[in-house]
Amino acid sequence: MVAVFNKELLSWYLITLKLRETLESQVPQSSNTNPPLLEVQENTNQEQEQKNSDPHQISIKEDEEQTCKEETKSPDCEWVISIKEKLEQANQDDEAGSWAKLCIYRVPHYLREGDDKAIVPQIVSLGPYHHGKRRLRQLDRHKWRSLQHVLKRCNKDIKLFLDSVREVEEKARSCYEGMIGLSSNEFVEMMVVDGCFVLELFRGAAEGFKQLGYARNDPIFAMRGSMHSIQRDMIMLENQIPLFILDLLLGLQFDKPDQKGLVAKLAFRFFDPLMPTDEPLTKSEKNKLESSFGYATTFDPLADQGGLHCLDVFRHCLLRTGPKPAPRNWIRKWSSNNRVADKRRTQLIHCVTELREAGIKFKKRKTDRFWEIKFKHGVLRLPRLLVHDGTKSLFLNLIAFEQCHLDCGNEITSYVIFMDNLINSPEDVAYLHYCGIIEHWLGSDAEVADLFNRLCQEVVFDINDSYLSPLSQDVNQYYNHKWNTWRASLAHNYFGNPWAIISFFAAVVLLALTLAQTFYGVYGYYKPS
């Protein structure tokens with residue numbers, strides 16, 4: 001009965017179902033392109049309300065959105081933004097950088113010569129530049145041993161050292177060139193561990209490692225063969241620790257955190273075997289140094305100059321009072337006020353072979369200051385120089401420091417360039433060795449000549465700034481005098497050995513007798529007796 005009486009209703013119900021299926025099949029396709037009607041109406045109402053409230057603000061917003069869309073489409077937008085970010089970073093670096101305290105540099109690329117052994121440590125790393133390198137980690141456990149010895153001997157807590165170094169962390173960071181990729185804790189830990197290791201080596205060389213509590217057969221603290229390699233690594237420019245950090249750590253051990261100067265004295269004693277001269281410390285100097293370790297102030301090689309790091313201390317001790325350039329009038333005449341270094345003007349003097357041909361003699365000067373060269377009456381006097389396997393690394397790091405540090409002179413660079421001009425061949429080295437001026441432990445004279453010829457190969461240097469310029473001018477004037485060349489040629493050709501001298505005098509006597517015989521023969525012909 002229900003189906004009969006609701007037949008019409010059933011028809012409408014079926015039609016409704018059909019329409020519903022059709023609509024449901026069309027809704028997903030249309031939703032991807034058009035929003036629902038209700039949302040469209042809501043957005044339209046919100047926009048209308050905003051336009052009615054503040055039409056000017058809406059127009060600005062529309063302009064910003066349009067500009068943003070245009071900039072997004074522009075390919076130069078990201079480029080301009082990156083340039084602005086770099087300029088902002090440069091501005092921050094310029095404001096935050098403390099260039100006045102910078103004193104520990106990376107060796108310039110033009111001095112590396114493709115051989116990093118002379119400037120990169122091979123055994124021990126000190127400071128951040130080579131910290132954590134795998135091949136240098138073998139000595140880390142010995143560094144921690146040295147720190148443990150320090151704490152046990154002075155009965156101090158490690159926190160005292162860490163807190164004291166943390167107070168000067170920013171000052172220590174400003175001593176290094178470039179950004180240091182270490183956290184605050186890592187940097188402070190490195191300074192304490194490396195600094196105590198250096199101080200233990202210094203004190204052990206002065207007092208004796210046995211007195212510090214190390215065993216006689218200690219693999220590191222026993223002054224064995226590896227100590228020479230460690231000394232060579234510790235003198236490298238990229239392997240330095242600021243001297244005030246070392247002074248602070250040593251002062252904490254003796255309850256005198258404000259003391260200064262003692263580390264410089266210990267460094268002077270420790271690096272003495274690296275001096276490029278075969279004249280070691282005299283007995284009186286050693287006694288003064290040992291007495292100074294007992295907190296006496298009678299002997300201080302850096303009393304009037306201070307020091308930045310161990311390489312700077314070594315350089316000051318190497319020069320002692322230091323040569324002071326005194327340019328002559330002819331140099332000032334040819335040099336301008338705003339002079340720049342000229343690579344073409346690095347020839348200070350002629351080589352040994354050419355100077356010998358001009359009659360200049362070479363003699364050894366008895367002094368331990370290898371840079372004190374004198375010339376007088378045709379004699380060039382040079383102090384004795386010892387060349388060993390560490391000489392290249394020593395001179396190269398000293399030259400790099402003088403090239404990088406603005407407040408540093410160029411005395412070592414001047415001396416090396418002078419020797420480079422003086423030595424052009426193995427024969428030059430052989431003659432200087434014959435005169436007792438050069439003593440070397442290398443394989444041959446050719447290796448010594450190659451060492452000096454390569455040290456300053458790419459160094460830009462102005463001869464007007466050299467303390468040896470006046471001396472070179474005197475030598476060149478003597479060399480350019482023709483009479484000196486002729487006299488030297490006579491001496492070389494006829495007075496080279498005793499037999500040549502006898503032959504020369506025999507020829508002179510024979511010539512004199514012949515002239516006398518000729519004279520008397522002619523005289524007797526015209527005036528017979």
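Structure shown above.
Computed from a predicted structure; not experimentally measured.

Draft legend 1. Fine view of the overall build of the protein chain. Across its full length, the protein chain holds 23 helices and 5 strands. Counting every position in the protein chain, which comprises 529 residues, the buried fraction comes to 41%. At a minimum sequence separation of 6, the contacts of the protein chain that also span at least 24 residues come to 73%. Accessible surface, the protein chain: about 31800 Å² in total, of which carbon and sulfur atoms supply 54%.

Draft legend 2. Seen up close, empty space enclosed by the protein. As enumerated under the stated definition, the model contains 1 cavity of 30 Å³ or more in all. By volume, the largest cavity is sized at about 40 Å³. In terms of lining, the largest cavity is formed by L126, V198, M234, N239, Q240, I241, L246 and C310. Here the lining of the largest cavity is composed, by residue class, of 6 nonpolar, 2 polar and no charged.

Draft legend 3. Seen up close, the pairing of strand β3 (residues 379-383). Along β3, 4 of the 5 residues are buried, which leaves the element largely enclosed by surrounding structure. Pairing between strand β1 (residues 361-365) and β3: 5 bridges, direction parallel. Residue pairing for β3: R365 is matched across the bridge by P383. For strand β2 (residues 374-376) and β3, the ladder comprises 3 bridges, and the chain directions are antiparallel. What sits directly across from F375, in β3, is L380. Counted between consecutive antiparallel strands, the loop separating β2 from β3 contains 2 residues, among which H377 sits at a positive phi close to 55°.

Draft legend 4. Inspection of the packing of aromatic side chains at higher detail. Under the defined criterion, the tally for this structure stands at 16 aromatic pairs. With centroids separated by 5.8 Å and ring planes inclined at 70°, the aromatic side chains of F197 and F221 adopt a geometry described as edge-to-face. Taken as a pair, F197 in helix α9 (residues 184-207) and F221 in the loop between α9 and α10 (226-234) lie far apart in primary sequence, 24 residues in all. Seen from their ring centres, Y431 and Y434 are 6.2 Å apart, and the 35° between their planes marks the pair as tilted. Note that Y431 and Y434 are positioned in helix α19 (residues 426-434) at a spacing of 3 residues, about one turn of the helix. Classification of Y434 by relative accessible area gives exposed; the value is 68%. One Lys or Arg, R173, reaches over the ring of F187 and ends 4.5 Å from the middle of that ring.

Draft legend 5. View of the sheet that holds β2. Strand order in the open sheet made by the 3 strands is β1-β3-β2, with mixed pairing throughout. Each end of this open sheet is capped by a strand with a single partner; those strands are β1 and β2. Between one strand and the next, the sheet's axes are offset by a mean angle of 25°, whatever the strand orientation.

Draft legend 6. Representation of the packing of α9 against helix α12 (residues 262-270). It is the contact of α9 with α12, at a shortest axis distance of 9 Å, that shows an interaxial angle of 65°. In terms of axis orientation, α9 runs roughly perpendicular to α12. In the packing of α9 onto α12, the handedness of the crossing is left-handed. Of the residues in α12, those in contact with L199, L201, F202, R203, A205 and A206 of α9 are V263, L266, A267, R269 and F270. When the residues that make up the contact of α9 with α12 are grouped by side-chain class, the tally is 9 nonpolar, no polar and 2 charged.

Draft legend 7. Main features of helix α17 (residues 391-404). Between its terminal C-alpha atoms α17 stretches 20 Å, which fits the 20 Å expected from 14 residues at 1.5 Å a residue. When you tally the buried positions in α17, you get 11 out of 14 residues, the bulk of the element. For α17, the complete set of buried residues consists of T391, S393, L394, F395, L396, N397, L398, I399, A400, F401 and E402. The elements touched by buried residues of α17 are α10, α14 (310-319), β4 (385-387), α18 (411-422) and α20 (445-455).

Conventions adopted
- Residues numbered from 1 in each chain as written.
- Predicted model: local features only at pLDDT ≥ 70, side-chain atom pairs only at ≥ 80, totals over all residues.
- Heavy atoms only, no water.
- Helix = DSSP H or I, 4+ residues; strand = E, 2+ residues; numbered from the N terminus.
- Buried < 20%, exposed > 50% of the residue type's maximum accessible area, 1.4 Å probe, protein only.
- Contact = heavy atoms within 4.5 Å.
- Areas by Shrake-Rupley, 256 points an atom, 1.4 Å probe, with all protein chains shown as cover.
- 1 Å grid on protein atoms, 1.4 Å probe; cavity = no way out; pocket = protein on both sides within 12 Å on 5 of 7 lines; lining within 4 Å.
- Points joined across faces, edges and corners; volume = space filled by probe spheres on them.
- Nonpolar A, V, L, I, M, F, W, Y, C, P; charged D, E, K, R; others polar.
- Pairing = 2+ DSSP bridges.
- Phe/Tyr/Trp six-rings, centres within 6.5 Å; stacked < 30°, edge-to-face > 60°.
- Lys NZ or Arg CZ within 6 Å of the ring centre and 35° of its normal.
- Axes fitted to C-alpha atoms, helices over the stretch in contact; angles between N-to-C directions.
- Parallel < 35°, antiparallel > 145°, perpendicular 65-115°, else oblique.
- Left-handed = near helix turned anticlockwise from the far one by under 90°.
- Expected span 1.5 Å × (residues − 1).

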